[in-house]
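# Chain and residue survey
Next come the chains, spelled out residue by residue.
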Amino acid sequence: MVLKDFLAKEQKTVFMLCNEAIARGALEADVKVVAFYPGAPTSEVLDTFSEALGNFDYQMEIATNEKVALEVCAGASFAGLRSLTAMKSVGANVASDILFVLGYTGVRGGLVLVIADDPHAHSSQSEEDGRFFAPNAYVPMLEPSSPQEAKDMVKKAFEISERHRVPVIIRTVTRVNHQSSIVRLENLERTAFKKAKWKELKEEFTTLGEVARQKKLEMLERTAKLAEEFEKSEFNFVKRADSDVGVITSSVSYLYVLEALKMLGLQEKVNILKLGTTYPLPKNTISSFIKGLKKAVIVEELSPYLEKEVYAIAKAANPSVAIFGKGSGTFSEAWEFNPNIVVKGIASAMGMEYVDYESIIQEAKKLKVDIPDRYPTFCAGCPHRATFVALNQALRIQVAKGQEHYFANDIGCYSMWVFPPISRSDSSLCMGASVGVANGLSHAIEERVVAVVGDSTFYHAAIPALINAVHNGNKFTLLILDNSVTAMTGQQSNPSTEFTAGWRQGKKVSIENICRAIGVDFLEIVDSYDVKNNVEVFRKALEFDGLSVVISRRECALYGDRNKRRRGEPIVPFYVDKNLCKKPYMCLRTFYCPAYEIDEDQQPRISPDICDGCSVCSKLCPFQSIKRTEVKT
Amino acid sequence: MSLPVNKEDRGENLSRNIFLCGVGGQGLVLMTTVIGNACAKSGKKVVTGEMYGLSQRSGTVSVHLRIGEDAFSPLISYGDADILVALEAIEPLRYIEYLKKDGVVLMNKRIMHPPIETSKIITAKGTKYITVENIVSKLKGWTPNIAVIDALKLARESGNVNTENTVFLGCLSALEVFPVEENYIRESISEAVPTKTIEQNLKAFDLGKENAYISLCTLVPCKRGH
């Protein structure tokens, strides 16, 4: 998609990423307030709104975390405005506190919450199944399969939200969010942004004790009404066939089912029930679908969420139906699906022969024996690499002195310290948890605990754990890697950036001032690129008999490049002077920069189109053989 | 080995499957946008599955791209891709299971050695880098239809070293199995790239196409009219 398409005022057919379609759907529904914390696979919803911000009058925030983002939306909704947020499922864990409460209090303006699961844990710490938020919070949930359906559902979700005064979850998975296809744009008719008067709207959004008990009954009533309404929803439909076999499916699995039936030559030979409203489920629709079936195949990723309901419904509707799913071992609860897995599952349920895809994989594997892995790694010029080199040296010095360490990693680009060839991390958990567990470990182990956290993660979830450390006198070392942006998800702004959403001027929130105000006694601020100096600072921090905090600061290389391009500054690469290089490989040994290769003389060579000109490797060379290219003027 | 499911069983396959791969930062997403927009302009159904969650610069990136009325799934089935396009030379091997046995590999001559490979060379004596020749000989165990394109050289000739992805769009456009008309691709390129690089990108496209007629069209059918 190009921005011009996204902004189109009239009906049009365009190629769009699902995340863009979600944003467009919200715009078409006249959304007024959007707030996000970035996280794969939803970040492009944020990015699209940020890019388009100058063209509209919606209010947008890149919030400090998902809970705050949902609260921003709730505030707007209480005042009658339509609002939307999107987050990955682990972000929904953070936001769940307010989500559960909103289930009770209800909302006024349409509030839509996109929760994206990541089956296969492509870019997440777990394969969480976010569908369970919906029944747990008594909040309705819609599940799209494609960008078009996602856009349609977002628009409908605002209506449902306002009709029933409840937040609506749009639940996606990575293969839906990161799916592009043809999307029909409808007219964009936006009303002007207008503040409300609270005294004209005034009502109480409260829940506690007796109020909560009363609201619980209302929630049950609301859910019953929604269930009735969803029986007629256009998002649930049946594809009938003259057959006693039926497939029940939802989300991206529906597309795999269509593909699998085509591959098996079973198109129009198997009944399909495609579910789009997955909470509350249209139980009558399911019941009448399974009546008369001999076999029901439930195709869903992760937990047997639909399957358990089907078992319960079948007990009355059709006790003799054979159910194929997770329970029968037809499908696994682990990992994401693909067309081949679904072909295999449906074929085995039908008692058909299927071609063994495993043999293709095995044959391919033989060809791949010697190919090098390509783990995610730090970009050329990444300040985290420089911080790691200095920290590694400092740790080595301390080990020689008899001090051993526990390394608590966290969520951000620096997470890549867990991957080879660095592979240094004793734990890597969830946002801000490095500081949290450092508290407990400082009581429990003799070794010095070193925790790391990035700027965005610090604001997001690490501050309470740091206050806890100061208050309780816990002794460990915390490195705060401040690279100015939320780098891993695409360099979005955060409180360490001088900009807010849409690159509008914002106020930076000083990490060191927070640390000082909390009462951190040992606080140092260093330039990540200054490796030599930093070894000594890190060493002192490790030796400090108390809580020590070092802020290692240098902007993200990709963000820095973007700023350089904006200012018209060149990126000047370095090169290895072949006459001076004596091949001790100090530039390579713990540095692992993707700009480096070994040439035919076994000397290091720097690819000029990858080198970012950070200069850090040049300082590691004992022979001063790494030099800056002279700029032609 | 036969194809996963006999073609006769599933009737006429209307869709074309193209698997794109490379290294983060090479412009795979832009390439996908160009093809997708061209499909939208020409009224073709298209669906893609894109993988770039945790991929930084230098990580592996892949896109499943499917064009046609019966393309439902955003992921290509194993052994079902008509074309495997690789902007980097090691990557086609990583995803070879997606390619048909007689499918086409369009690969860059350029290797970007991952840091882990380089670190092995300095720590384990006698270790050598994988070469394009190694890779091509392995790929030949899967398909005879392999074209190695010196895209960096052609990109330089276009006047913009960052147009390697556009060179491959040119190569693709020559192939008979690629179902999108050239004029739509050119129009989409002009809309998707920065204005001041349009001319260079269109040049890169032409260079890629010409190159395909030399290196590829002797192996597989190409569109006429060249």
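Please read all numbers here as calculations on a predicted model, not as lab measurements. (Residues numbered from 1 in each chain as written. Chains lettered and ligands numbered in written order. Predicted model: local features only at pLDDT ≥ 70, side-chain atom pairs only at ≥ 80, totals over all residues.)

### Brief notes about the overall build of chain B
The number of helices and strands found in chain B is 8 helices and 6 strands. Sequence-ordered secondary structure for chain B, helices as α and strands as β, is β-α-β-β-β-α-β-α-α-β-α-α-α-α. With the principal axes as the frame, chain B shows a C-alpha extent of 55 × 50 × 35 Å. The proportion of buried residues among the 226 residues of chain B is 58%. In chain B, 68% of the contacts between residues at least 6 apart in sequence involve partners at least 24 apart. (Helix = DSSP H or I, 4+ residues; strand = E, 2+ residues; numbered from the N terminus. Buried ≥ 20, exposed ≤ 12 C-beta atoms within 10 Å, placed from the backbone. Contact = placed C-beta atoms within 7 Å.)

### Re the overall build of chain A
Helix and strand counts for chain A come out as 23 helices and 28 strands. For 633 residues, the compact-globule formula gives about 26 Å, and the C-alpha radius of gyration of chain A, at 27 Å, lands near that figure. Residue burial in chain A is summarised as follows: out of 633 residues, 55% are buried. In chain A, once contacts between residues fewer than 6 apart in sequence are set aside, the share between residues at least 24 apart is 78%. (Rg over C-alpha atoms; globule rule 2.2 N^0.38 Å.)

### Digging into the environment of His122 of chain A
Residues and elements named next belong to chain A. With respect to the secondary-structure elements, His122 resides in the loop between strand E5 (111-117) and helix H6 (133-137). Since 18 C-beta atoms lie within 10 Å of it, His122 is described here as partly exposed. Taking the C-alpha atoms as reference points, His122 and Arg171, separated by 49 residues in sequence, lie 17 Å from one another.

### As for helix H2 (residues 18-28) of chain A
Residues and elements named next belong to chain A. For H2, the buried fraction is high: 10 of the 11 residues fall into the buried class. Burial in H2 covers these residues: Cys18, Asn19, Glu20, Ala21, Ile22, Ala23, Arg24, Gly25, Ala26 and Leu27. The first or second residue beyond H2 is Asp30, which carries a positive phi of 65°.

### As for the pairing of strand E5 (residues 99-108) of chain B
All names here are of chain B. Of all 10 residues in E5, 8 are buried, a share of seventy percent or more. Both strand E4 (residues 81-86) and E5 contribute to a ladder of 5 bridges, which runs parallel. Looking across to E5, one finds that Val85 is bridged to Leu106. Here E5 runs beside strand E6 (residues 145-149); their pairing, made up of 5 bridges, is parallel. If you follow Leu106 over to E6, its bridge partner there is Ala147. (Pairing = 2+ DSSP bridges.)

### A short note on unusual backbone geometry
Residue and element names in this part refer to chain A. Cis rather than trans, the peptide bond between Ala40 and Pro41 has omega equal to 5°. Its location among the elements puts Pro41 in the loop between strand E2 (33-36) and helix H3 (43-52). Tyr279 connects to Pro280 through a cis peptide bond whose omega is -15°. As for its position among the elements, Pro280 is in the loop between strand E12 (277-279) and helix H12 (283-290). Look at Arg165: it is not a glycine, yet its phi comes out positive at around 50°. Within the element layout of this structure, Arg165 appears in the loop between helix H7 (147-164) and strand E7 (168-173). Unlike most non-glycine residues, Gln491 shows phi in positive territory, near 60°. Its place among the elements puts Gln491 in the loop between strand E19 (485-486) and strand E20 (492-493). On the basis of neighbour count, Gln491 is assigned to the buried category, with 22 C-beta atoms found within 10 Å.

### With respect to the sheet that holds strand E15 (residues 405-409) of chain A
Residues and elements named next belong to chain A. Reading across from one edge, E16-E15-E17-E18-E24-E23 is the order of the 6 strands in this open sheet, with parallel pairing throughout. The strands lining the two open edges of the sheet, one partner per strand, are strand E16 (427-428) and strand E23 (522-527). As defined by bridge partners, strand E17 (residues 448-454) adjoins strand E18 (residues 477-482) across 5 bridges and the pair is classed as parallel. Bridge pairing in E18 links Gly454 to Leu481. Taken strand by strand, helix H18 (residues 455-472) contacts E17 and E18, and its axis lies near 135° from that of E17. (Axes fitted to C-alpha atoms, helices over the stretch in contact; angles between N-to-C directions.)

### A closer look at the interface of chain A and chain B
Tallying the contact residues gives 59 residues for chain A and 55 residues for chain B. Elements with a contribution of two residues or more to the side of chain A that touches chain B: strand E1 (12-17), helix H8 (174-177), strand E8 (179-185), helix H11 (251-263), helix H14 (339-350), helix H15 (357-367) and strand E26 (596-598) of chain A. In the side of chain A that touches chain B, the residues fall into 36 nonpolar, 13 polar and 10 charged. By the bridge criterion, 3 bridges tie E8 of chain A to strand E2 (residues 46-51) of chain B in an arrangement that is antiparallel. Bridging from a neighbouring strand, Ser180 of chain A pairs with Thr48 of chain B of E2 of chain B. (Nonpolar A, V, L, I, M, F, W, Y, C, P; charged D, E, K, R; others polar.)

### Brief notes about the environment of Pro383 of chain A
All names here are of chain A. As for its placement among the helices and strands, Pro383 is situated in helix H16 (residues 383-400). Distance in space between the C-alpha atoms of Pro383 and Arg553 is 7.9 Å, their sequence separation being 170 residues. For Pro383, the contacting residues outside a window of four places in its chain are Asn483, Ser528, Tyr529 and Arg554.

### Examining the sheet that holds E1 of chain A
Read across the open sheet, the 8 strands follow the order E1(A)-E8(A)-E2(B)-E3(B)-E1(B)-E4(B)-E5(B)-E6(B); overall the sheet is mixed. The sheet is open, and its two edges are formed by E1 of chain A together with E6 of chain B, each paired on a single side. Neighbouring strand axes in the sheet, compared pairwise and without regard to direction, differ in orientation by 20° on average. As judged from the 6 bridges shared by E2 of chain B and strand E3 (residues 60-67) of chain B, these two strands associate in the antiparallel manner. Paired with Val47 of chain B across the strands is Arg66 of chain B, a residue of E3 of chain B.

### Re H3 of chain A
Burial within H3 of chain A is extensive, with 8 of its 10 residues counted as buried. Within the sequence span of H3 of chain A, burial applies to Ser43, Glu44, Val45, Leu46, Asp47, Thr48, Phe49 and Ser50 of chain A.

### Some thoughts on the packing of helix H6 (residues 164-174) of chain B against helix H7 (residues 182-192) of chain B
For any two helices packed against each other, the geometry is given by the interaxial angle and the distance between the axes. Residue and element names in this part refer to chain B. The contact between H6 and H7 brings their axes to 10 Å, and the two run at 170°. Put simply, H6 runs roughly antiparallel to H7. Every pair of crossing elements has a handedness; the one defined by H6 and H7 is right-handed. Facing H6, whose interface residues are Thr166, Leu169 and Ser173, H7 presents Glu182, Ile185 and Ile189. Residue classes in the contact of H6 with H7 are distributed as 3 nonpolar, 2 polar and 1 charged. (Parallel < 35°, antiparallel > 145°, perpendicular 65-115°, else oblique. Left-handed = near helix turned anticlockwise from the far one by under 90°.)

### A few points about the confidence of the model for chain B
Residues and elements named next belong to chain B. When pLDDT is averaged across chain B, the result is 90; 91% of the residues are at 70 or more. Predicted confidence in chain B is weakest over helix H3 (residues 115-123), with a mean pLDDT of 90, and strongest over E4, with 98. Low pLDDT, under 50, characterises residues 1-11; the predicted model gives this stretch 20 contacts beyond four residues in sequence or across chains. Among the prediction metrics, the complex's ipTM stands at 0.95, with pTM recorded as 0.97. (pLDDT = per-residue confidence, 0-100.)

### Some details on the environment of Tyr305 of chain A
Residue and element names in this part refer to chain A. Mapped onto the elements, Tyr305 comes out in helix H13 (residues 305-317). Tyr305 gets classed as buried once you count the C-beta atoms within 10 Å, which come to 20. For the pair Tyr305 and Phe132, spaced 173 residues apart in the sequence, the C-alpha separation amounts to 8.0 Å. Those residues in contact with Tyr305, other than ones at most four positions away along the chain, are Asp129, Arg131 and Glu300.

### Comments concerning the pairing of E18 of chain A
Residue and element names in this part refer to chain A. Here E18 lies mainly inside the structure; 6 of its 6 residues are buried. Burial along E18 is two-sided: the residues Thr477, Leu479 and Leu481 and Leu478, Ile480 and Asp482 are all buried. In this fold, E17 hands off to H18, which returns the chain to E18; that crossover is right-handed. Here E18 pairs with strand E24 (residues 548-553) via 6 bridges, running parallel. Paired with Leu481 across the strands is Ser552, a residue of E24. (Right-handed = clockwise from strand over helix to strand, strands pointing away.)

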